[in-house]
Amino acid sequence: MLTKPAIKGGDTELIKVINRFNILDAVRRFEPLSRADIGKHTGLSRSTISGIVAGLLQEGLVCEEGVDGSAAATRGRPTNLLRLNPNAAFVVGAKLAMHQVIIVVTNLRAEPLAQLVLPIRPWRLGPEAIATLLDDGIRAVITRAGLMLDQIAGVGIGLPGFIDSEEGISYWSPILAADPIAVRFSDMLRQHLDLPVTLENDANLLALAERWFGHGQDVDNFVVILIDAGIGMGLFINGDLYRGHHHIGTEFGHSKIDRHGPRCRCGQNGCIEAFTADYAILREARKVMDMPPADDEAAVAAAVENVIRMARGGNEKLQEIFKNVGEILGLGIANLINILDPAKVILSGTNMHAMDLIGPSLHAAVAGSTLSVLKGRCEIILHDWNDEVWARGAASLVLEGLYRKPWSSAVGATIEITQQPNTTRVS
Ligand SMILES: [Zn+2]
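Residues numbered from 1 in each chain as written. Predicted model: local features only at pLDDT ≥ 70, side-chain atom pairs only at ≥ 80, totals over all residues. Heavy atoms only, no water.

A word on helix α5 (residues 127-144)
The test is simple: Elements are defined by DSSP. Helices are runs of H or I of four residues or more, strands are runs of E of two residues or more, and each kind is numbered from the N terminus. By this rule, a helix spans an expected 1.5 Å times one less than how many residues it contains. Relative accessibility under 20% of the residue-type maximum defines a buried residue, over 50% an exposed one, and the middle range a partly exposed one, all with a 1.4 Å probe and only protein chains included. Two residues form a contact once any of their heavy atoms are found within 4.5 Å.
The end-to-end C-alpha distance of α5 is 25 Å, a good match for the 26 Å that 18 residues give at a rise of 1.5 Å each. The complete set of buried residues in α5 reads I130, A131, L134, D135, G137, I138, V141 and I142. Elements in contact with the buried residues of α5: β3 (90-96), β4 (101-106), β5 (112-118), β6 (152-159) and α6 (185-193). At the C-terminal side of α5, G146 shows a positive phi close to 75°.

Here it is in structure tokens:
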């Protein structure tokens, strides 16, 4: 299968970078691969592959099986199969959630070497204190992995909100400030760590995680819908994460489904999120039952949990709320399918556990509003991840960048690329 069409004309340097990424990505996803196998996956010519692979071998990013003597040769397999060298680089990924901070160190394959979970509510601290906390946490987890700070090629940070990944700016995030204030959070953290820092919206991290080690490995066009405290979306088009012209697009949760609909956190009316997020479910539940106020994230989560339990217990008015949530999400997903024609729509997030209540009306709405020519052709997948995957997604964000750069500019000369970490994988 071709991972994406190879470009054969135009800007030479750009073509080289794209071809190099495609070769490295093919080796990561399908290893071990011969040079001929790489040709099948990328559509590139033998001479292009040999030239780029020679460079990758020299840089230590890939290794040839059998060269060191061992296993491959004794098993009688060809000696020219290529594998990624997982210890050619190490990166850090961190996910800031309302109730916890998770930090992970991974190798070049995004395999976790060590992780740290801080059960704190970062939104209480403010951006500068969060940066200080991350500084301490990242240093601790690097030590735990048996590495030094100068062996880390970069740090990826994920958080909910309107994030410009290109500029490292959070225009709004419930983690950093309740009000929409632009925070140059990448710069803030870079000042602490003196490492490249990349900021990203958390739904995009999940889409990257699907691409690197989930359901997005075998398809180039897919959508991830995050059903969480808010509603997020990550989108892969032709094998690349799509962010939009200003890098803050794909806000599925704020697409409008009813112009007379309820008020949303974004200040506008009728957004999908205003019907389907945790706070929307509580707002509707309060119309049919008495509930104590829930003024922070933990209280909201506990209250929603209670509403789910009562709906499962037979409360028909509450069941109706979840049926409506499913219908709205299903309509939104059908719109996405009609616009984008993705191979898969992957649903993820903490509210996935209410799918027994939401699922039937969601599937019915998708089926009822998808164009007949596309009906039943897009796979709808429910994917319940563990928390660590977010941080691995953040690490993949840095790795994506590394795969695309000439190696000498991506990793400092101080890094000994053959050095092994002294820990084993934790996953
Ligand atoms: Zn909105």
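Having seen the structure, we can now continue with the description.
Brief notes about the sheet that holds β5
Cut-off, in case you're wondering: Strand pairing is defined by DSSP finding a minimum of two bridges between the two strands. Note on geometry: axes are lines fitted to C-alpha atoms, helical ones only across the stretch in contact, with angles between N-to-C directions running from 0 to 180 degrees.
In spatial order, the strands read β5-β4-β3-β6-β9; together these five strands make up an open sheet with mixed pairing. A strand with exactly one partner marks an edge of an open sheet, and here the two such strands are β5 and β9 (197-201). When strand polarity is set aside, the average angle formed by the axes of neighbouring strands in this sheet is 15°. In the sheet, β6 pairs with β9 via five bridges, with the strands oriented parallel. Within β9, the position partnered with I157 by the bridge is L199.

As for the packing of helix α7 (residues 202-213) against helix α13 (residues 388-404)
Each pair of packed helices can be summarised by the angle the axes make with each other and by the distance between the axes. For the record, the criterion: Relative orientations are named as follows: roughly parallel for angles under 35 degrees, roughly antiparallel for angles over 145 degrees, roughly perpendicular for angles from 65 to 115 degrees, and oblique for any other angle. Amino acids are sorted into nonpolar (Ala, Val, Leu, Ile, Met, Phe, Trp, Tyr, Cys and Pro), charged (Asp, Glu, Lys and Arg) and polar (every other residue, Gly among them).
Between α7 and α13, the least distance of the axes is 8 Å, while the angle of their chain directions is 75°. Taken as axis vectors, α7 and α13 run roughly perpendicular relative to one another. Within the contact between the two elements, α7 uses D202, L205, L206, L208, A209, W212 and F213 and α13 uses V389, W390, R392, G393, A394, S396, L397, L399, E400 and Y403. Classifying every residue of the contact of α7 with α13 by side-chain character gives twelve nonpolar, two polar and three charged.

Examining the nonpolar core
Here is the rule: Working definition of a nonpolar core: buried Ala, Val, Leu, Ile, Met, Phe, Trp, Tyr and Cys residues. They are joined through side-chain atoms within 4.5 Å.
I23, I38, L108, L399 and Y403 are the most contacted members of the largest nonpolar core, which has 47 residues in total. By residue number, the principal contributor to this core is α13, which donates nine residues. Counting residues in each nonpolar core, the second largest holds 40 residues, with M233, F322, I337 and L347 among its members.

Some points on the packing of aromatic side chains
What counts, and what does not: A pair of Phe, Tyr and Trp rings is counted when the ring centres sit within 6.5 Å of each other, with Trp represented by its six-membered ring. The angle between the planes then sorts it: under 30 degrees is stacked, over 60 is edge-to-face, the rest tilted.
With the rule as written, the count across this model stands at four aromatic pairs. Their ring planes at 55° and their centres at 5.6 Å tell us that F162 and W172 sit as a pair that is tilted. Of this pair, F162 sits in strand β7 (residues 162-164) while W172 sits in strand β8 (residues 169-172), and the two are ten residues apart along the sequence. Of the residues examined, W172 reaches a relative accessible area of 14% and is grouped as buried. Between F222 and F236 the ring centres are 4.9 Å apart and the planes differ by 10°, which places this aromatic pair in the stacked class. Within this pair, whereas F222 is found in strand β10 (residues 222-227), its partner F236 is found in strand β11 (residues 231-237), the two being separated by 14 residues in sequence.

Details of the packing of helix α9 (residues 278-288) against helix α10 (residues 297-312)
Applicable threshold: Two helices that cross are described as forming a left-handed crossing if the nearer one is turned anticlockwise from the farther one by less than a right angle, and a right-handed crossing if clockwise.
Two elements in contact, α9 and α10, have axes separated by 10 Å at closest approach and are oriented at 55°. As judged from the angle between their axes, α9 and α10 are oblique. As for the relative orientation of α9 and α10, their crossing is left-handed in sense. Taking contact as the criterion, the partners of D278, I281, L282 and A285 in α9 are, on α10, V300, A303, V304 and V307. Among the residues making up the contact of α9 with α10, the classes are represented as seven nonpolar, no polar and one charged.

Focus on the coordination of the zinc ion
Rule in force here: Metal coordination here is assigned from N, O and S atoms located within 2.8 Å of the ion, or within 3.2 Å for Na, K and Ca; omission of water means that sites may look incomplete. Labels for metal geometry use angle windows, namely 85 to 135 degrees for all angles of a four-donor tetrahedral site, and for square planar (four donors) or octahedral (six donors) sites opposite donors over 155 degrees apart plus all others within 65 to 115; sites meeting none of these are irregular.
Only H254 (ND1), C264 (SG), C266 (SG) and C271 (SG) from the protein coordinate the zinc ion, and they sit 2.1 to 2.3 Å from it. In this structure, the zinc ion is surrounded by four donor atoms whose angles at the metal cover 101 to 124°, and the resulting shape is tetrahedral. Along the chain, the residues donating to the zinc ion are arranged with the sequence spacing H-x9-C-x1-C-x4-C. Of the two residues examined, C264 and C271, each falls in the buried class.

Some points on the side chain of K344
Selection criterion: Think of a polar contact as two N or O atoms within 3.5 Å of one another; within protein, one of them needs to be a possible hydrogen donor and the other a possible acceptor, and neighboring residues in sequence only count if both atoms come from side chains.
One can find K344 in strand β13 (residues 344-348). Within polar-contact distance, the side chain of K344 engages the backbone oxygen of H215 at 2.8 Å. Apart from residues no more than four positions distant in its own chain, K344 is found in contact with H215, D218, V219, N221, F222, V223, C378, E379 and I381.

Quick notes on the environment of V307
By secondary structure assignment, the location of V307 is in helix α10. For the pair formed by V307 and M289, sequence separation is 18 residues and the distance between their alpha carbons is 9.7 Å. The contacts of V307, once residues within four sequence positions are left out, are I281, L282, A285, M291, L318 and F322.

A look at the sheet that holds strand β14 (residues 379-382)
In a beta sheet, neighbouring strands are held together by backbone hydrogen bonds and run either parallel or antiparallel to one another. Read across the sheet, five strands follow the order β12-β11-β10-β13-β14 without closing on themselves; strand pairing throughout is mixed. What marks the edges here is a single partner per strand, and that holds for β12 (240-241) and β14. Taken together, the four bridges between β13 and β14 define a ladder with parallel strand orientation. Residue pairing across strands places I346 opposite I381, the latter belonging to β14.

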